[in-house]
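Structure assessment
Spelled out from the first residue to the last, the chains are:
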Amino acid sequence: MAEFKPALPYTASLVLLIPRYRTIKGVPQKEYPKLEDGLCFNGSFKTYGGTEAVHNGVYSVLDTGSIETWYRPDIKGDCRVALAQTGAVYEVIGEPENINMRNQYMKFKVQRVKGGG
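What you are looking at is a predicted structure, and each value in this text was computed from that prediction instead of being measured.

Details of empty space enclosed by the protein
Taken as a whole, this structure holds one cavity of 30 Å³ or more when the rule is applied. Looking at the largest cavity, its volume works out to about 30 Å³. Taken together, Glu3, Phe4, Ile99, Asn100, Arg102, Gln104 and Tyr105 make up the full set of residues lining the largest cavity.

Printed below as a string of structure tokens:
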């Protein structure tokens, strides 16, 4: 089995936003911390441009990207990741992959939805 090597250097400054759950009137709701209260980490961030769509008369652009970083058990499928430089916030899609199950590197996809009315 070939050893995994990162495709790009981990030079992008990222901020992990871990949700807190509160129950409001019996309904659990996610609350994300402010950008300055998130946890900083480095990784590689690669985007694939945007996909344009119109749903129910609302135009939106779906930006997708891929992040590779050192393994962090606190990055989960319900988290968000922000770019420290621009403040753009992305949602983690699915569960992050623990590459080769070695707790050394991880990889996951993110998406950002921007819309206009």
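Read on, since the account is not over.
Things to note about the confidence of the model for the protein chain
Predicted confidence across the protein chain gives a mean pLDDT of 90, with 96% of residues reaching 70 or more. At the level of individual helices and strands, the protein chain shows its lowest average pLDDT in strand β8 (residues 105-116), which scores 84, and its highest in strand β1 (residues 12-17), which scores 97.

A look at the pairing of strand β3 (residues 27-31)
Bridging between strand β2 (residues 20-24) and β3 involves five bridges; their strand directions are antiparallel. Note that in β3 the partner of Thr23 across the bridge is Pro28. A loop of two residues connects β2 with β3, the two strands running antiparallel in sequence, and Lys25 in this loop sits at a positive phi of about 55°.

Calculation notes
- Here, residues in each chain are numbered from 1, in the same order as that chain's written sequence.
- Per-residue local features are limited, in this predicted model, to residues with pLDDT of at least 70; the limit for side-chain atom pairs, both in listing and counting, is 80 or more; totals at the level of whole chains, interfaces and linings are taken over all residues.
- The side-chain values count all of the structure's non-hydrogen atoms but skip hydrogen atoms and water molecules.
- Both cavities and pockets are sets of points on a 1 Å grid over the protein atoms alone; in a cavity a 1.4 Å probe fits but cannot get out, in a pocket the set is open with protein on both sides within 12 Å along at least five of seven lines, and lining residues sit with an atom within 4 Å of a point.
- Grid points are joined across faces, edges and corners, and a volume is the space filled by probe spheres set on the points.
- The pLDDT value expresses, per residue, how confident the predictor is, ranging between 0 and 100.
- Secondary structure elements follow DSSP: runs of H or I of four or more residues count as helices, runs of E of two or more count as strands, with numbering from the N terminus.
- Any two strands are treated as partners once DSSP identifies two or more bridges connecting them.

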